[in-house]
Each structure stands twice: as C-alpha cells, then as structure tokens.
Amino acid sequence: MIDKKAISLLKKYYLSYKSEGQPSDNDKENAVKCGVFVPDSVTTHDEIVAEIKSLSKQISLDDAAKAFLYSLSSGDMRYRSALSSLVWSKALPEHEMISDGGKKTEWSSPVCVVCGCSHGLDTKENVDWNDYNVFRYLPPKQYGREPDYTCAEYVLNDLREFVKLPVVEPCDEDYRILNGIFACVKGMKPHNMDTALLAEIRKRKFFDATGNAIHCILGILSVCGILEGAENKGFLRGYVNYTEHGMGRDGLTFYPLNFWRGKDGVNYQAVNEIFGSFSGSRLDPRNAVVSVSESIKAPEKKTESKAEQYFTDGLYCIMLSDEERRYLALDPVDPSWEKVSVYSVTGCLKKRTVLFYEGNTIVKVIYEEYSVKDDGSYISRSYNEFDTRLETDNRTMLLPLTSRGRAKPVTPTNVMAVKPFGCEFFIFLQNGKSYIIVRNLRNNQEVMIGEKDRVRKIMSDEDFHEFMRYYISTCPDDYFERIATVRSMEHQTVKFRAGDIFRCQVDRRHYTYGLILGKTREIEKWKELPEVHSFRYIMMQPVIVRMYDFVTTDKDMTEKELSGMALCPPELCSDCDILWGTHPIVAHKELVPDDIQFQLQLARQIKKNEHFNPFTAEVLVKMSPKEPKPKMNNPRALYVEWGFVSFEIPWENVSDDIRRLLDEGKYFEGGVSLGIRADLCGRTLDDILKESPKHMIRHNLLLPENRDKFNLVMNFLGLPNDCTVDDFAAKYGGITRQQYIGLINRQSKK
C-alpha cells in the first residue's frame, strides 16, 4: 500500500509551480523508505545522459507499451509515461552539454538545447528528483503544471523508477479505451487541434478521466509518433532538439502534439510498431470505435443550474425594443434566430448567457449577471448585449478566426473572450450607482451617453424605458451620424507627439480637449531622469496629458482658441485612447513652460528591495496580512518627487505636520489610468467629492483647493509658497520646464 502521508507531502511541496518550501529531513527520509520519494543526488548533465542511454537498453518496448495500456483502465500513473520516456531515450543522441545561454532566475534556468536538461550543465549539481516523481503518483486532475515528457531529468527519473515495478499485462478494457481515443481522432475535422480532440473524448464519456488526464495521454501518444504533425514528428524514428519544440499555447506544452491537426489522424504504422508484437489485430483501424464500458454508468440527466430560478425564458432584466437598439448602436433581433441559454453560478453571482443562432453562426449574445444575497434580494444586476458573428461547428465548437487558430468548445467564456464584431450595450443596476456603456471594441469608439444623474437612478426595466424615452426625445440632429461612425469606422493606429491636442466627447452635446506632454517610455531613456523615479515603475505605454479645465459645445476649437484656457493637473494615462483614435487629434501647438507640469508626490518608505519601489511599498504593506501594522508607524524615509527630481529624507527628519498629512491620505500615484477621463473637467473639487467622496483626486497637491497642503510641504522643504517646478529643480538639481520642452521636441517622434 502506498503511504498516504508521503503522497500528501508530494502534493504539498512539489505539485505547484512554486513550492511551499521543503519537507523536513525526517519526513523526507520516511517517504524515501516507503518508496514514494526519490532521494536527491548530485550529478552532471553528461551523467544524466549516460544513465538514460543505459536504461533505454535495459527496458523492452513491449513492457513499456503494456504498462501504458495497463494504466488506462487502472489509473496507475507510475506506469503511464514509461512508454514515451523509453521512445524518447532510444532516440536521444549521445552528446555533450550545449547551453541555450539562458540566465538562471527564480522561474527559469539555462537548459541544454539538445535534451532540455537544466542541471549540472557546468559542474555537479544537486537534483531533487521529486520535482519529476510527483507526476508518477498524483492524478492529473491535481496537476498545477503539466509534466515535461521530453526533458532529460523527467525521463531519467521515470525510467529509473519504472524498472523497479513488476511487469503488468493490459486487459480488454485498456484496448477499448485506446480504440475509443483513435475513433475520436477519426472524427476530427482537418483544422481541429488537440483541444478539440480532448473535448470530443470527454463528450463521448467512454472512459473515466479528467481533461488533464486525457491531455497527458495525448501528449504521450504524440511523443511516440502516434499523434504527430505533418512536418513535426515524434521520436519513434528520429530526434528533435529540445529548443526546437516550438512554443506551447495556453499552458499546453506537449511536443509534437502542439503541431498535430485533425487532418494528420492516427499514425497506425507507429501503433503497429509499438503495440503490434503482442496486440494482434486489437488495435486495427477497423476497431477504432467508441463503445461504453458496462462499468461506466450512463450519465445522469443534467441537473438544473441553481441560477435558473432567477431567470425566465424570454424575459430579461432590461427588455430592449428594436427602436431602443437603434439608438444604442445595436442590430435588431430577428424572430427567426434560435436561442440557446446557458446558466452558471459563481458564489453569489447568478449568470445567464443567451446565444442567438442564425444557422450555425452566433450573431448576438445577451449576458446577464445578478449578485444575490442569501435572502434572495439583489445587490446588483447587469445586462450586456452585443452583436457578433462567430461560426461554429454544429453549435458545439467555435471555429478558429484565422488559419493559426484552434477550435474551442462553445462556452460563455470562449464566446465572450472574442471581441464582438459589432457594438455592445452594457448597463449595471445598483441603487445610486447605475451606469451605461455603449461602444465598439473593434474600433475603440464609444457613444457617450452622459446624463449621469438620470442614469444613476435606473433600477428597473421600467426606469430604463423612462430614461430612453427622455434620451430619444433629446438626441441632437446629428446623433445617428455618430452612431454610424461608432458602428462602421475602421480600426486605426494614430501617430502622435508632445504638443498634440485631442478632443474628448463628454456626452451627446459637450466636449473638452486635452494636451499631450510626452510619452514616458521615451522619457525613461533620458539621462536627465533620476534612476529612482515613478516613470520607471509604471506599466503599459503611458502618456502625460493635461486636460483643459472646461467643457463646451464647440467640437471644432482651434489651438489659438484653446491657448488661453486653464489646464488641469497632469495625469498619466494609457496611450490606447490616443493610439486607436478614441479621442482624435485635432490640433498641435508649440509647448511653452506654462503647459508643463508634473505631479508632486510624497510616499512613506516602509521597505526597499527589488520587490518594492517607492510607490508600492506603502500600499503593499497595508494590504499584506503578514506584515504587522506597527510597521506603518515606523517608516525608514520620506520619498519626494516633483518633475525630474527625486530624493529621500530620513524619517526622523520629517516634521510632525508632514507625518499627519501622510496619515490623512495618499499623496502619490505611481500608476496609470486605463483611459483618459473628461468627466472631471470644468468642475470644482467640492463638486467631484459630493459625487465620489473617496475620489483619489482629493489628495492632489497641485489643486487650488489643496493650496494649504502644498504650502505646508514647500515650507518643510525650505521653499516659498509660490514655488514652481523650476524653483524645485533649481534647488535640488533637476531640469527646468524649458529644458524639458527642448528635450521632448528633439527626441519625440511622430
């Protein structure tokens, strides 16, 4: 009997990508004695290769092939992969280590380009063989990662442990299962990939196995050349270097299964070479049929989802009319379309996805999500409708969009993972927090609904229709010109540079404008930027923008008309809204010093290492349950940044006024807005906070309303109350705004 404690130790310490440490020496010793654990050893690449070649001559192909078959019905993982390991080992050429030149990190190591060995490349190195042995004991459904059947360490451990096992014989059930797999292969369409085959095998339910287990079986068959690509072969008749296996996708890593397609079918020549000496005609192509074992019960009738009780067929939380759809950029519903509803539950969320089919093509999707309390009352509801065009294979598999794609099962997740080919309407319903989005994700255009005060009050279908009656009656004459643009405009990529002015639409009638000051990815390369600076720690492709602090009905303002308008404090925003034309470039101006501004940022330095930068340390320590709260009261320093200056002040030198200020709020950003917001323009801080009391802008030290806090900081730093970023640079050694303009004009590219 296999020791249960040893198995639990394998699961705890060796199953995931990143282990929870190491078992104690005593536990490991006991697990080795009972035969589950394999003791560590110190070895080199060349010794590993030599032992693999030696074992490949000791093990017969028949024994390994019978072991693989035996594992299909028994589920004994100790026997399963010896076949692929043996086939691979026989093909492996004798060789010396050739490193791929990779660097050793926490997540990766250099490997031999031939065999994938990552140990002992230069000198003798300790190998914990249980990193590989874990796959010989635990069922695939528990795998947090898939085994690498074509890496030298896995193969050596597999063969070394396999020779210790008694010889086994397959039964009729094993042949039935393998023939069933071959029958499913025969039914694949030419473009189908391994995931489609896996889905078909699971759907046919002819043997009891999880998706992970089936995929591992397919991986073993591919290594043996039974499921191989037209150009990318298995290892039965040749060898392919480890670094030539190609990239896996979505965590599916088996070679050459990642190149196999339905048109390649089953290589029966390899089947006969591996199994033929003892199987007779039992694996003949004529026997490739799916038959259900008597031991496998017929599937029970599918139980009703717990979500279904919250929905009624044909009724939605928002019942859009086709006239309303016209104003929301949606296609009308054709009565001839067939509907298929799918329900699911995730915690308190009850979900329904309704797929509308025109033949075998999904042309519209309605997705509803209800957040429900234990007493059955709603916390919130949402309704999402979008137009699309997704071809399916008999409504079971989504066909790939390109020749390089793969078919996927028709599930809500897979359907909604594809950007809609038309527009989408989304409404979220929650008391006082409701909002509406109408957009086209393909061209990044949006219908700016506006009317926030009215939309927030929508709580029901009746409320929505009342709003839409008002909305339709107040649409401007050119409204459907905008709808046509949103529906049909081609996707575009816009070139832009510092000094460009873009237009933002606030609602159906109102607009504002913004000024681009630069791209941080370009600024990062400047020697004038300090080594420690917020620009070096942010993600995405940010641009520095300043919105003009007003709204207008004039959508055609010129640079001259904008020149006297006040600007908001700067923001770091993703470049997507500019790059993809959501907010069009309408003018350009030569930057002047008054256009240039940077955020004044203060942050307490709790800790500092490669994982914590000046803008994550304080936040992460607050979030981490492992960090004792007293640490928040004992920072090591105060980080200060403004413009191209950054420095630290020892915490003991920080005044009580500044400490209290930092206790009140967060005076640093260190992040990037996903979009460019126009809804704050032309509004006072009081107006914004009435609507959103916790809005992060309340701590912006450059706002006029926060002038007393700004003065407090300047006084602490020994600077006057009217200090500018140029004055700050003069004292602490940064560049002036005029110098910035000179650099950005020379180095920005349009």
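Right above here is the structure, for reference.
These remarks concern the structure in this document. Going along each chain's sequence as written, the residues are numbered from 1 onward. Reporting of local features is limited, given that this is a predicted model, to residues whose pLDDT is at least 70; pairs of side-chain atoms are given and counted only at 80 or more, and all residues count toward the totals for whole chains, interfaces and linings. Side-chain calculation: all heavy atoms of the structure are included, whereas hydrogens and water are not.

### Points about the sheet that holds strand β17 (residues 601-605)
1) Next: Strand order across the open sheet formed by 3 strands is β17-β18-β19, with antiparallel pairing between neighbours. Both edges of this open sheet fall to β17 and β19 (645-650), since each of them pairs with a single strand only. Strand-to-strand twist of the sheet, defined as the mean angle between neighbouring strand axes without regard to direction, takes the value 20°.
2) Next: A pair of strands is treated as paired once DSSP finds two or more bridges between them. In this text, helices come from DSSP runs of H or I with a minimum length of four residues, and strands from runs of E with a minimum of two, each type numbered from the N-terminal end. Direction of pairing for strand β18 (residues 637-642) relative to β19: antiparallel, over a ladder of 6 bridges. Following the sheet pairing, V640 is matched in β19 by F647.
3) Next: Only heavy atoms matter for contacts: two residues are in contact if any of them lie within 4.5 Å across the pair. Convention adopted: a line fitted to C-alpha atoms gives each axis, helices being fitted over their contacting stretch, and angles between N-to-C directions are expressed from 0 to 180 degrees. In this fold helix α21 (residues 656-664) packs onto β17 and β18, with an angle of close to 95° to the strand it touches most, β17.

### Notes on the packing of aromatic side chains
1) Next: Here the aromatic set is Phe, Tyr and Trp, taking the six-membered ring for Trp, and pairing holds for ring centres within 6.5 Å; pairs whose planes are under 30 degrees apart are stacked, those over 60 apart are edge-to-face, and all others are tilted. Evaluation of the coordinates by the stated rule reveals 40 aromatic pairs.
2) Next: Geometrically, the ring pair formed by F235 and Y255 is edge-to-face, given 6.0 Å between the ring centres and 70° between the ring planes. Pair noted here: F235 is in the loop between α10 (211-223) and α11 (268-279) and Y255 is in the loop between α10 and α11, with a separation of 20 residues, a long-range link. The two residues F235 and Y255 agree in class, both being buried.
3) Next: Residues Y316 and Y383 carry aromatic rings whose centres are separated by 6.2 Å and whose planes lie at 70° to one another, so their mutual orientation is edge-to-face. Of this pair, Y316 sits in the loop between α11 and α12 (322-327) while Y383 sits in strand β6 (residues 378-393); the two residues are 67 residues apart in sequence, bridging distant segments of the chain.
4) Next: According to the relative accessible area criterion, Y316 is buried, its value standing at 14%.
5) Next: Three labels apply to residues, based on accessible area from a 1.4 Å probe with only protein chains included: buried if under 20% of the type maximum, exposed if over 50%, partly exposed otherwise in between. Taking relative accessible area as the criterion, Y383 reaches 0% and is therefore assigned buried.

### What to know about helix α23 (residues 707-716)
1) Next: Residues of α23 that are buried: F710, N711, V713 and M714. An end-on view of α23 places all buried positions within 160° of arc, on one side of the element.
2) Next: Contacts from the buried residues of α23 go to β17, β18 and α21. Directions drawn from the helix axis to the C-beta atoms are what define this arc.

### So, helix α15 (residues 461-473)
1) Next: Between the first and last C-alpha of α15 there are 18 Å, a value that for 13 residues agrees with the 18 Å anticipated at 1.5 Å per step.
2) Next: What α15 keeps buried is the set F464, H465, F467, M468 and Y471. Looking down the long axis of α15, one finds its buried residues gathered within 160° of arc, a one-sided arrangement. Opposite the packed face of α15, turned more than 90 degrees from it, sit the exposed residues E462, E466, R469 and S473.
3) Next: Looking at the buried positions of α15, the neighbouring elements they touch are α12, β9 (424-429), β10 (435-440), β11 (445-447), α14 (452-456) and α16 (479-488). For a helix, the expected span equals 1.5 Å multiplied by the residue count minus one.

### Re the environment of R536
1) Next: Residue placement: R536 occurs in the loop between α17 (520-523) and β14 (542-547).
2) Next: Spatially, the C-alpha atoms of R536 and I523 are 9.3 Å apart, while their sequence positions differ by 13 residues.
3) Next: For R536, the residues in contact, after removing those within four places along its chain, are E524, W526, L529, P530 and E531.
4) Next: Whenever a nitrogen or oxygen atom comes within 3.5 Å of another N or O atom, the pair is scored as a polar contact, on the condition that within protein one atom can donate a hydrogen and the other can accept it, and that pairs from neighbouring residues in sequence are kept only if both atoms are in side chains. One polar contact links the side chain of R536 to the main-chain carbonyl oxygen of E524, over a distance of 3.0 Å.
5) Next: Within the local environment of R536, its side chain forms a polar contact with the backbone oxygen of E531, the two atoms lying 3.4 Å apart.

### Details of the pattern of salt bridges
1) Next: Here a salt bridge means any side-chain nitrogen of Lys or Arg lying within 4 Å of a carboxyl oxygen belonging to Asp or Glu. This structure, assessed with the given rule, holds 35 salt bridges.
2) Next: Between E273 and R237 there is a salt bridge whose closest N-O contact spans 2.7 Å. Remark: R237 occurs in the loop between α10 and α11 and E273 occurs in helix α11; sequence separation between them is 36 residues.
3) Next: In this structure E273 comes out as partly exposed when scored by relative accessible area, which is 36%.
4) Next: Linked through salt bridges whose partners overlap, the residues forming this network are D322, R325, K364, E385 and D387.

### Describing the packing of helix α4 (residues 61-74) against helix α5 (residues 82-91)
When two helices pack together, their arrangement is given by the angle between the helix axes and the distance between those axes.
1) Next: At their nearest, the axes of α4 and α5 sit 8 Å apart, and the two run at 150° to each other. On the basis of the axis angle, α4 is roughly antiparallel to α5. Between α4, through L61, A64, A65 and F68, and α5, the contact on the second element is made entirely by A82, L83, L86 and V87.
2) Next: Note on residue classes: Ala, Val, Leu, Ile, Met, Phe, Trp, Tyr, Cys and Pro are nonpolar, Asp, Glu, Lys and Arg are charged, and everything else, Gly too, is polar. A class-by-class count of the residues in the contact of α4 with α5 yields 8 nonpolar, no polar and no charged. Roughly parallel refers to an angle under 35 degrees, roughly antiparallel to one over 145, roughly perpendicular to one between 65 and 115, and oblique to any angle outside these ranges.

### Here we look at unusual backbone geometry
1) Next: In this structure, P256 follows Y255 across a cis peptide bond, with omega equal to 0°.
2) Next: Topologically, P256 is positioned in the loop between α10 and α11.
3) Next: Its identity as a non-glycine residue notwithstanding, N394 has a phi of 55°, on the positive side.
4) Next: The topology assignment puts N394 in the loop between β6 and β7 (397-398).
5) Next: For E451, which is not glycine, the phi torsion reads 50° and is therefore positive.
6) Next: Tracing the backbone shows E451 in the loop between β11 and α14.

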